[in-house]
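Structural description and commentary
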Protein chains: 4
Amino acid sequence: MPGHNFLFIPGPTNVPDRVRRALALPQEDQRAPDFPQFMLPLFADLKKIFRTESGQIFVFPGSGTGGWEASIANTLSPGDRVLAARFGMFSQKWIDLCQRFGLDVDIIDVEWGEGAPIEEYAARLAADKAHKIKAVLFCHNETATGVTSDVAAMRRALDAARHPALLYVDGVSSIASIDFRMDEWGVDLAVAGSQKGFMLPTGLAIVSVSQKALAARKAAKLSRCFFDFDDMIATNKDGFFPYTPATTLLRALRESVDLLLEEGLENVHARHHRLAEAVRRAIAAWGLKLCAAKPQWYSDTVSAICVPSGFSGADVVATAYRRYNLSLGVGLAKVAGKVYRIGHLGDLNELMILSAITGSEMAMRDVGIPIELGRGVGAAQAYLRETNKAQ
Amino acid sequence: MPGHNFLFIPGPTNVPDRVRRALALPQEDQRAPDFPQFMLPLFADLKKIFRTESGQIFVFPGSGTGGWEASIANTLSPGDRVLAARFGMFSQKWIDLCQRFGLDVDIIDVEWGEGAPIEEYAARLAADKAHKIKAVLFCHNETATGVTSDVAAMRRALDAARHPALLYVDGVSSIASIDFRMDEWGVDLAVAGSQKGFMLPTGLAIVSVSQKALAARKAAKLSRCFFDFDDMIATNKDGFFPYTPATTLLRALRESVDLLLEEGLENVHARHHRLAEAVRRAIAAWGLKLCAAKPQWYSDTVSAICVPSGFSGADVVATAYRRYNLSLGVGLAKVAGKVYRIGHLGDLNELMILSAITGSEMAMRDVGIPIELGRGVGAAQAYLRETNKAQ
Amino acid sequence: MPGHNFLFIPGPTNVPDRVRRALALPQEDQRAPDFPQFMLPLFADLKKIFRTESGQIFVFPGSGTGGWEASIANTLSPGDRVLAARFGMFSQKWIDLCQRFGLDVDIIDVEWGEGAPIEEYAARLAADKAHKIKAVLFCHNETATGVTSDVAAMRRALDAARHPALLYVDGVSSIASIDFRMDEWGVDLAVAGSQKGFMLPTGLAIVSVSQKALAARKAAKLSRCFFDFDDMIATNKDGFFPYTPATTLLRALRESVDLLLEEGLENVHARHHRLAEAVRRAIAAWGLKLCAAKPQWYSDTVSAICVPSGFSGADVVATAYRRYNLSLGVGLAKVAGKVYRIGHLGDLNELMILSAITGSEMAMRDVGIPIELGRGVGAAQAYLRETNKAQ
Amino acid sequence: MPGHNFLFIPGPTNVPDRVRRALALPQEDQRAPDFPQFMLPLFADLKKIFRTESGQIFVFPGSGTGGWEASIANTLSPGDRVLAARFGMFSQKWIDLCQRFGLDVDIIDVEWGEGAPIEEYAARLAADKAHKIKAVLFCHNETATGVTSDVAAMRRALDAARHPALLYVDGVSSIASIDFRMDEWGVDLAVAGSQKGFMLPTGLAIVSVSQKALAARKAAKLSRCFFDFDDMIATNKDGFFPYTPATTLLRALRESVDLLLEEGLENVHARHHRLAEAVRRAIAAWGLKLCAAKPQWYSDTVSAICVPSGFSGADVVATAYRRYNLSLGVGLAKVAGKVYRIGHLGDLNELMILSAITGSEMAMRDVGIPIELGRGVGAAQAYLRETNKAQ
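Residues numbered from 1 in each chain as written. Chains lettered and ligands numbered in written order. Predicted model: local features only at pLDDT ≥ 70, side-chain atom pairs only at ≥ 80, totals over all residues. Heavy atoms only, no water.

**Comments concerning the overall build of chain A**
For chain A, the helix and strand inventory stands at 13 helices and 15 strands. Relative to the compact-globule value of 21 Å for 391 residues, chain A shows a C-alpha radius of gyration of 21 Å, a close match. Overall, the C-alpha framework of chain A stretches about 60 × 55 × 40 Å when taken along its three principal axes. Within chain A, the proportion of its 391 residues that are buried is 68%. Put simply, chain A shows about 12,300 Å² of open surface, and 50% of that area lies on carbon and sulfur atoms. Distance from the positive charge centre (43 side chains) to the negative charge centre (43 side chains) of chain A: 2 Å. (Helix = DSSP H or I, 4+ residues; strand = E, 2+ residues; numbered from the N terminus. Rg over C-alpha atoms; globule rule 2.2 N^0.38 Å. Buried < 20%, exposed > 50% of the residue type's maximum accessible area, 1.4 Å probe, protein only. Areas by Shrake-Rupley, 256 points an atom, 1.4 Å probe, with all protein chains shown as cover. Lys, Arg positive; Asp, Glu negative; His and termini not counted. Charge placed at Lys NZ, Arg CZ, Asp CG, Glu CD.)

Printed below as a string of structure tokens:
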């Protein structure tokens, strides 16, 4: 098929050319004497992305799921109680993982489309006088529904309750794209994956861990080896790894971290907000609604768009792929068919996001959704013109 | 700048990923015993692209200008009369080249925006009873004005006049993109460049020459060495070259020829027509006009769009580049400022061409041209939806 | 530093150009409707590499260590007894992993440099009348000592003992390089990594599992999620994955599997044997000895070379890297300093392996080892000339 | 065929990975407003490579032959007398080109293997009282015979004769590899190609021209257009080109110029000398002779090795390619069969050059030349060890 594919799923995201070139580098010896000169600054710069000074970064071959597993396996024990809200497929999968590892998950069920329920979290923490809850699981950005929740508020709730539970954040589809502040928000464990805001192929789980969470590993009884923090700590300090690291992805990560820092994290966040808002202007012009129930939860990395009743979001996605070489995200689990998703994170600019809107319009019309072609595009164009800062 | 650049100049065009990968191949020995097994089939397949069986293909390191020079230097002599129409910057430059080589160019001046004047060509040929005109120069697609002319009609005019002049065609921005038939149209010499329909970087002049034109080289008195057909004929027959060929570009050419033949030339032409028509629907919706004066001349590889008086096409282009990472073509020479150009040839699909339209709309509005955002896009979307053949 | 690095560690290995180009492919949607058309044939072809028809292939983001963890976590329970020999760092690390997961490892300690002790394995199996041993762990190729052991003999020993234990094989540095026959040898679980014979960057654990081993997962009580076979089985059958797969590495794996099958597995094995033998000829010419104690154990993928007493293998490696841009393998654990290693697996040919020998000679002389320059090279050249099959 | 090809022809040379990555960059608009910010510093840095401050650099799509043609066509007229020595295929081809362009070439025939005959040049210049000789053609490094001649001595001879002829230097296989000083040596026109010391694919002719030679173009009567200096001068000053430049090769050239300047030209020259000397040590150990007749002419970029009588250099080359994936250079024209050539220029290091020697030994033995395997390698290893400056 001529021309390129337009990739607007919420990860993997488009890999910038500069990063793609790094993926084709020759292999290297991970035990070479100059390898630490590459690796130690990379660890240091990753801390800047997570906005932590006291935390420690771990990079595993894996994916976000591997990052979750590492976070649980290194710090908790079977029977430990954790508190988690379930409001989308990824928060649900995290809970499922905890349960498979024998944790006792106190689940707060929330309507899909709503954000993390800070007040309910607070209530249960307050009720937990015995401090049996060891950890609070918090999904920063629920990729299934396009909902961003308020980590800072969660921290305030923990503090208000004077509860010592660790705060674990799923930042897979938020970190490196939207505002995230590990130290300021008192996050103890944050999980990211390479294939989202880091603009890499899938293959790395990147985890940042506070000293408090690190201390918890002494008592943690879950078995671990591949994801063991101790082995990493022992070797990472010298710039090496306990087993063969994914050096090619690490070289590519060096490039993507450089790209992020060269643009500046604030600028990266502002760009994501602006492109996301353009998508939302288009949605409004179409007369459609987001799955996210309130503006406070609108995600700047992914929009889940409700299709009118009688239509299927899956059809929109299939049509866009087949007819326009456009990859959109389907609705998952509870919202399957009800929504389709536009991922708008990573290496994107104005015309790229407009492509997603243009193609969505055509695919929606193809399946019979009565929107006017050009209407959403025009609204997005107007917003992007007005907010373009180039002279 | 995040995201990729949108390249819509009428060459160089977007290089498909598969071709880009070939550009990074390791170097090779151009005298290796198996080199001919690569080169001879490539020559054979290039003949398919030019639609010639009896002609011979020459590939020089160079550009379209080099191809013109090769065509003149190998077949003509100082003082030879050639007949040419001038109706855009590229037809003009070809004439200039001929004059520098001492040819006597009989120039037909035509309004820019019109096509090659077949009747005037015919009249001058008819008047040339002595057959002093050795060659007719014919610009198939004038890139400066977005005008395609009728090569078959030119051949009919030559035949009607029973004139033996050679027919030279500038196919730089037409061959491999729109219909071109060397043998059927009796073309004696056709010039193409790598960076247009062949979807490669600049660096190759590709010339196809009829046996009649090859015979003319015996009497041709212009000096030549780098571009000498004889040296090429002597070595190409065995799959080699008289001097180091640009093997990397040849490997990439192998890929692009494969892409063209896999898609099928008719499909390639149909795709170019459809994407060009989408651009024209947008232009009509904007209430603007093409530089091309009549539909019969509308080019399927490039559209030169007249900006309303009081505005500058150059401003549109500069704005698109600075604010939206979009590269459009400026107006050249006589039409500088009066038009801007969208190149729509090469490795393109629906959403790619819509990006050019979307970005053009925004840039036009930015410079004050009173078009309604989304209007042109909507017209193009409608046409592309209706004509999409995927189920 | 001009020129390229010469990589002769026993993994990561040199990635062929064709595979490197695949690593730079654009990202794709792992849920695209045509993704299974890519993935299902890849699973089928991987079975050819493992030489299994009834087994099932699993591909995890990870490394060999992850593959080991997957094999243990899916099929065994804390307290289960497994039988394993320890004769090098990698067999040792596998045992350590088992112990961390609460298994009761019956360890056979063997001199480093010797192969897996089939008779002792047999004796312990025979003694295990109650069949408490659930699995036999067998390191096919111990990368630390350059020792290959006899899997077929191990199977015969199991059969002779009529013992139902599962046979687990660490094939990380053997599979895809030297002869391995899952079905014929009755292997129940074989672990490979992407960065060895598969000629890819590190990042994939590739595991092949017999139906018998798969059945064992019902009773297996170890926690698992990221490495869970069940989730993979449920989605892989349709060509999908339970979480985002490392698609870029999978695309590259497609290329490397094609390369292996195009060359033919027997030819791949023969090539590895021939290049390894060339290294051994050089070692003999130097008057040095392999760590591998007997010819029956000589590995065709890696040679651990004993340096004369008074010298350090680590110095040879450091010198080769610093002065000649040559990466060799250091001695690990018990043989640290005593050996250095030449990895000779993956995408290699005659002149490549001769480079490793040439550079080794120079580095050995640099640290004072009294070998004659050119002597080992000459012996290897002679062997390679004689055994070259090209006309 | 597994493993990579070993390329040791005297051009194209091995392209460094960093440069290869640049070749895969996306296309760009050569008229973009920021293009000059890329191009103007590149012109400036190219002057550093040619060691000229007052000269002007021209970069044409083409090859060395194109560079020669540009140099002649822009500065001379039919009938002009030029003085040239003929002592190898490339000096001969340059003379042939001049003759095709109607120049009157005063040819000094010299035994192949000897260098440019300064005294004979001097004698003819002295005899030319009327200063009819407009230009002296001087082949700095004759690639066919591996002979480097003394440009500085040629300048002294011109000065001693007080002769105003322009000094043209063929530096195709010398510039960017061995010492070349345009200003200091009073060179008026120097020609280089991209595929030698510049470590790029073939496709660029790079020409440096003194103000004196530039002035000569006013009177020059040869036709020119593609290679016209005037068109280049008019547009290059602003960072643009008169026709579409080979931007991809220019981006790659930026990388290779950076590599050269980062290493430092003196270090580049010293490296070439050292690797060339290693080859010569091997040749001496084999008991063979160079085609170059005296040490003063030994080329540091290519060695032409005389095979003993009764053997054919072409057989050595064919055997090396077929059996060892090694590309060597055949003997050309007068020395066809009598020599084979090892190109040792560009991106090379110790183990790379040793590969060429190792493979040469095997191929020579294969065709029956009685050399001892390992002998030449050992001599080269010894020299490279002793002269290695790494600690």
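**Overview of the nonpolar core**
Within the largest apolar cluster, 567 residues are counted, with the highest numbers of intra-cluster contacts made by F198 of chain A, F198 of chain B, F198 of chain C together with F198 of chain D. Filtering out sequence-adjacent residues up to four positions away, F198 of chain C remains in contact with L46, I49, F50, I175, A176, A192, G193, I206, L253, S256, V257 and L260 of chain C. (Core = buried A, V, L, I, M, F, W, Y, C linked by side-chain atoms within 4.5 Å. Contact = heavy atoms within 4.5 Å.)

**Some remarks on the layout of surface pockets**
Of the pockets and cavities examined, the second largest pocket occupies roughly 680 Å³. Taken together, 37 residues form the lining of the second largest pocket, with Q30 and R31 of chain A together with M89, F90 and L332 of chain C sitting closest to its centre. Among the secondary structure elements, those contributing two or more residues to the lining of the second largest pocket are α3 (64-75), α4 (89-100), α11 (313-324) and β14 (329-330) of chain C. Looking at the lining of the second largest pocket element by element, the count peaks at four residues for α11 of chain C. Counted by class, the lining of the second largest pocket contains 21 nonpolar, ten polar and six charged residues. (1 Å grid on protein atoms, 1.4 Å probe; cavity = no way out; pocket = protein on both sides within 12 Å on 5 of 7 lines; lining within 4 Å. Points joined across faces, edges and corners; volume = space filled by probe spheres on them. Nonpolar A, V, L, I, M, F, W, Y, C, P; charged D, E, K, R; others polar.)

**Thoughts on the relation of the copies chain C and chain A**
Mapping chain C onto chain A is achieved by rotating through 180° and translating by 0.0 Å along the same axis, at an RMSD of 0.0 Å. As the rotation angle and translation indicate, the two copies are arranged about a two-fold axis. The residues that chain C uses at the interface reappear at the interface of chain A in 100% of cases, marking a shared surface. (Least-squares fit on C-alpha atoms with pLDDT ≥ 70 in both.)

**Brief notes about the environment of G329 of chain B**
All names here are of chain B. Position of G329 among the secondary structure elements: in strand β14 (residues 329-330). Under the relative-accessibility criterion, G329 is labelled buried at 4%. For the pair G329 and V316, spaced 13 residues apart in sequence, the C-alpha separation works out to 9.6 Å. Excluding residues that lie within four positions of it along the chain, G329 makes contacts with F8, I9, V317, Y340 and R341.

**Things to note about the interface of chain C and chain A**
A common way to state how big an interface is: give the accessible area lost once the parts meet. Each partner contributes to the interface: chain C provides 52 residues, whereas chain A provides 52 residues. Of the roughly 4,100 Å² buried where chain C meets chain A, counting both sides, 58% is carbon and sulfur surface. Of all residues in chain C, Q27, R100 and F226 of chain C give up the largest surface area on contact with chain A, accounting jointly for 16% of the area buried on that side. Counting every contact that joins chain C to chain A gives four salt bridges. One salt bridge in this structure joins D228 of chain A and R100 of chain C, with 3.2 Å as the shortest N-O distance. At the junction of chain C with chain A, the criterion picks out 16 residue pairs in polar contact (both at pLDDT 80 or more). (Buried area = accessible area lost by both parts, 1.4 Å probe. Salt bridge = Lys/Arg side-chain N within 4 Å of Asp/Glu carboxyl O. Polar contact = N/O pair within 3.5 Å; in protein donor to acceptor, adjacent residues only side chain to side chain.)

**Looking at the interface of chain D and chain C**
Residue-level contacts link 38 residues of chain D with 38 residues of chain C. Inspection of the region where chain D meets chain C yields four salt bridges. Two residues, D366 of chain D and R385 of chain C, come together in a salt bridge whose shortest N-O distance is 2.4 Å. On inspection of chain D and its partner chain C, the count reaches 23 residue pairs in polar contact (both at pLDDT 80 or more).

**Things to note about the environment of I107 of chain D**
Residues and elements named next belong to chain D. Take I107: it is sitting in strand β4 (residues 104-109). Taking the relative accessible area as the measure of exposure, I107 reaches 22% and is therefore partly exposed. Leaving out residues up to four positions away in the same chain, I107 has contacts with A84, R86, I95, Q99 and R124.

**Looking at the sheet that holds strand β12 (residues 302-306) of chain D**
Residues and elements named next belong to chain D. A sheet is described by the order of its strands in space; here four strands give the open sequence β11-β12-β15-β14, paired in antiparallel fashion. At either end of the open sheet lies a strand with only one pairing partner, and these are β11 (289-290) and β14 (329-330). Relative to strand β15 (residues 339-343), β12 runs antiparallel, the two sharing five bridges. Residue V302 lies in a different strand from β15, and its bridge partner there is G343. (Pairing = 2+ DSSP bridges.)

**Describing the pattern of salt bridges**
All chains considered together, the criterion is met by 134 salt bridges over all chains. Of the charged contacts in the structure, one is a salt bridge between R100 of chain A and D231 of chain C, with a shortest N-O distance of 2.9 Å. Placement of R100 of chain A in helix α4 (residues 89-100) and of D231 of chain C in helix α8 (residues 229-236) is noted, with the two residues assigned to different chains. R155 of chain C serves as the salt-bridge partner of D188 of chain C, at 3.9 Å between the closest nitrogen and oxygen. Separated by 33 residues along the polypeptide, D188 of chain C in the loop between β8 (166-170) and β9 (189-193) and R155 of chain C in helix α6 (residues 151-160) bring together distant segments of the chain. Taken as a pair, D188 of chain C and R155 of chain C share a single burial class, namely buried.

**A word on the packing of aromatic side chains**
The description of two aromatic rings rests on the distance between their centres and on the angle between their planes. Here the structure, examined in full by the defined rule, presents 56 aromatic pairs over all chains. Seen in terms of ring centroids, F60 of chain A and F227 of chain A are 5.3 Å apart; in terms of plane orientation they differ by 80°. Their pairing is edge-to-face. Separated by 167 residues along the polypeptide, F60 of chain A in strand β2 (residues 56-61) and F227 of chain A in the loop between α7 (211-216) and α8 (229-236) bring together distant segments of the chain. Residue classification places F227 of chain A among the buried positions, given a relative accessible area of 2%. Ring centres of F58 of chain D and F229 of chain D lie 4.2 Å apart, and the angle between their planes is 10°; on these two criteria the pair is classed as stacked. Separated by 171 residues along the polypeptide, F58 of chain D in strand β2 (residues 56-61) and F229 of chain D in helix α8 (residues 229-236) bring together distant segments of the chain. (Phe/Tyr/Trp six-rings, centres within 6.5 Å; stacked < 30°, edge-to-face > 60°.)

**Some points on the side chain of S71 of chain A**
Residue and element names in this part refer to chain A. As for its placement among the helices and strands, S71 is situated in helix α3 (residues 64-75). Looking at S71, its side chain comes within polar contact range of the main-chain oxygen of W68, at 2.6 Å. Not counting residues within four places of it along the chain, the set of residues in contact with S71 comprises Y168, L189 and V191.

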